[in-house]
Amino acid sequence: MMGLFAGLGRRTIDSFGRLGRGTMFLLRALAGMPGLLLRPGLVMQQLYAIGVLSLLIIMVSGTFVGMVLALQGYNTLVTFGAEQSLGVLVALSLLRELGPVVTALLFGGRAGSALTAEIGLMKTTEQLSSMEMMAVDPMRRIIAPRLLAGFLAMPLLAAIFSFLGIMGAHVVSTAALGVDDGAFWSQMQAAVDFREDVMNGVIKSLVFGFVASWIAVYEGYDAVPTSEGVSRATTRTVVHTSLAVLGLDFVLTAVMFG
Amino acid sequence: MNGTSGDILVDVRGLCFSRGERVIFDGVDLQIRRGQVSAIMGPSGTGKTTLLRLIGGQLRPDAGTVHVEGRDVHAMSHRELYALRRRMGMLFQSGALFTHQSVFENVAFPLREHADLPEPVLRDLVLMKLEAVGLRGARDMMPGELSGGMARRVALARAVVLDPMMILYDEPFAGQDPISMGTLVSLIRLMNDTLSLSSVIVSHDVVETSQIADEVFVLSEGRVVESGSPAELAQSESAWVQQFFNALPDGPVPFHYPAPSLGDDLLGPRP
C-alpha cells in the first residue's frame, strides 16, 4: 500500500517537474522569436514542412468529415422537416468544433510526431550539441522557427479543413440528398456569425496550434537520446496533444459559448 | 614541461563532477598549453568526453574551475560563452553532421550563421577547407552517403571553418579503418601546426594518439594520475599506466566489473 502511494507521489512530482521544465523551455523559445524577424526563411521552411506537407491529409479528412456530417445530419433533420437547414448544421459544426479539433488531432499525429522525432534524433546524433559548440543556439535556430510555424499553420489548416468539409457536405446534400442549393447557402449565410462562430474557431485553432507545437518540440528536445527514448517521446507527443486539445476544447467552448 | 601562465590556454583546477551518485571527477587538475596537441587518455567510462563538455561550457562542474584564456568558462554570460565558442571547434565522435544538408552546406553552416559573406567568398572558403581534408570532390554528397572516416573529415573541415584558436577532438580515431585512421592522425597534426591551433584530443587509442601528442594526461578514478610526453609515459613505472599503455586485460583496472562472488551468484538463493 505504501508503495502505491510512494509511486503515485513520485509520478505527481515528476509531472510537475516536467511541466516546470516545459515552461522554462517555452520561455527560452519565445525569447528566440524576435530574431526570426531577420530570418523569415527559417519560418518559411518550417511552414512548408509542417503546413504544406500536412495539406493532403487535412484536405482528404475535411472533405470526408463534411460528407459524413451531411449524411448524418440529414437523417436527423429530415424527421423534423428541417433538412433545408443542413448547411447551417454542417457549417456551425465545422467552424466551431470539428475544424479546429480534428485538424489539431491530425496535426499532432502527422506534423507533431514528425517534429518530435526530428528534434529527438538531432539530439541523439549530437547535432544539437554540435550546434551549441558552433555558438549557434538551438533554441533560436531549431526550436523557435518550428514553434512559430506550428502556431501559424494550424488556423490555416483548420480553415482549409472547414472549407473543404462544407464543400463536401454541399455536394452530398445537393447531389445525393435533394437539399435545395439556394437554401443550403442562404440559411448558412443567415445563421453563421463571423465574430461568434468564425473568429471563435480561429481562436481555438491558434490555441491548439500553440499547445500542439509546444508539446511536439519540447518532447523532442527532452527525449532520452536513444532509439527507445525517441520512440517514447513521439508516442507522448501524440497522446499529450490529443488529451490537451480535447481538454482545452471543453474549456474554450465553455468560455465562448457556455 | 613547465610553461609560463601565458602559455596556458586551458586551466582546469580541482574539477569535481558527478552524475547522480556516480562520481566522474574528483579533483581533476590539468593545463593545456597553446600550440600543442594535448591528449586526455583513459579507458572507456572515465569521463573523457564529459571533460570536453565541461571545457566547452556545455556542462557545469559541481566544484572547481575551468579557465580558457584566463577566463572562467562557467562564470561567463550566455553571450560571452557563445563568443568564446566561436573561437573553439569541436569534432564529435559521431561527426554530428546535419543529415538534411549536403557536405558543402554542413561546412558552410558556421559561416552562414556568423559571417555575412558574399556567396562567392563563402563558396571559396568552404572549398578550401574541403580541399584541406581531401573532400572537395564530395561537396554535393549527403552525410548518409559518406563513410565514417569521410564524415569525420567533413566534421573536421566544419570545425576549422571559422579559424578557431582551439579544437576539441572527441575520440577521433574510434571505429576507423587503418587508412582513415592514418589520414586523421596526420590531418590533426598538420592542421594544428599550419593553422597555429591548440588541439585537445580525448582518446583511448594509445598508438595513434602517442604519434601526434605533445603532452598526455592519463585519467583514472576521477583524477589525472600521470602526465607527460608519450615517451615519458611509456617509461612510467605506474602499474595503471603500464596496464593502459600495454593493453593488459587485468591490473589496477580489473577485468571484472564489481559483483558478488560467482559461487554466491550460482549457488545462492534465486530471485
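First things first, this report covers the structure right here in the doc. Everything quoted here is computed from the prediction, not taken from an experiment. Along each chain, residue indices are assigned from 1 in the same order as the chain's sequence is written. By the order in which they are written, chains take letters starting at A while ligands take numbers starting at 1. The predicted nature of this model means local features are confined to residues of pLDDT at least 70 and side-chain atom pairs, given and counted, to a pLDDT of 80 or more, with totals for whole chains, interfaces and linings taken over all residues. For side-chain calculations, the full set of non-hydrogen atoms in the structure is used, while hydrogens and water are omitted.

## Details of the sheet that holds strand S2 (residues 22-33) of chain B
All names here are of chain B. Spatial strand order, S2-S1-S4-S5: four strands in an open sheet with antiparallel pairing. Strand pairing shows two members of the sheet lacking a second neighbour, S2 and strand S5 (71-72), which therefore form its edges. Pairs of strands are assigned from DSSP output, requiring at least two bridges between the strands. The helix and strand labels rest on DSSP assignments: H or I over at least four residues marks a helix, E over at least two residues marks a strand, and numbering proceeds from the N terminus. In this sheet, S5 lies alongside strand S4 (residues 63-68) in antiparallel orientation, the contact comprising two bridges. In the strand pairing of S5, His-67 is matched with Asp-72. Each of strand S1 (8-19), S2 and S4 touches helix H1 (residues 48-55); the most contacted strand, S1, lies at about 120 degrees to it. Working rule for contacts: check all heavy atoms of both residues, and any pair within 4.5 Å makes them a contact. What counts as an axis is a line fitted to C-alpha atoms, over the stretch in contact for a helix, and the angles between N-to-C directions run from 0 to 180 degrees.

## Examining unusual backbone geometry
In most cases, non-glycine residues show a negative phi, while peptide bonds are predominantly trans. All names here are of chain B. Of note, Glu-69 is a non-glycine position whose phi angle comes to about 50 degrees, a positive value. Relative to the helices and strands, Glu-69 is located in the loop between S4 and S5. One non-glycine residue with positive phi stands out, namely Glu-221, at about 50 degrees. Note on placement: Glu-221 falls in the loop between strand S9 (215-220) and strand S10 (223-228). Take Glu-221: its relative accessible area is 73%, and that puts it in the exposed class. The cut-offs for exposure are 20% and 50% of the maximum accessible area for each residue type, with area from a 1.4 Å probe on protein chains only; residues under the lower value are buried, those over the upper are exposed, and the others partly exposed.

## Focus on the packing of helix H3 (residues 55-77) of chain A against helix H4 (residues 86-124) of chain A
Pairs of packed helices are described in terms of their axes, by the angle between the two and the distance that separates them. Residue and element names in this part refer to chain A. Running from amino to carboxyl end, H3 crosses H4 at an angle of 145 degrees, the nearest separation of the two axes being 10 Å. The interaxial crossing formed by H3 with H4 has right-handed handedness. Here H3 contributes Ile-57, Ile-58, Ser-61, Val-65, Leu-69, Ala-70, Gly-73, Tyr-74 and Leu-77 to the contact with H4, which in turn contributes Leu-86, Leu-89, Val-90, Ser-93, Leu-94, Leu-98, Thr-103, Leu-106 and Arg-110. Gly is placed with the polar residues, together with every amino acid not listed as nonpolar (Ala, Val, Leu, Ile, Met, Phe, Trp, Tyr, Cys and Pro) or charged (Asp, Glu, Lys and Arg). Split by residue class, the contact of H3 with H4 holds 13 nonpolar, four polar and one charged. Helix crossings are classified by the rotation of the near helix relative to the far one: an anticlockwise turn of less than a right angle makes the crossing left-handed, while a clockwise turn makes it right-handed.

## Notes on the pairing of S1(B)
Residues and elements named next belong to chain B. In this structure, S1 lies alongside S2, joined through nine bridges in antiparallel fashion. From the neighbouring strand, Val-12 faces S2, where its bridge partner is Leu-30. Taking the residues between adjacent antiparallel strands as the criterion, S1 and S2 are bridged by two residues, where Gly-20 takes a positive phi near 60 degrees. By the bridge criterion, five bridges tie S1 to S4 in an arrangement that is antiparallel. Across the sheet, the residue bridging to Asp-11 is His-67, located in S4.

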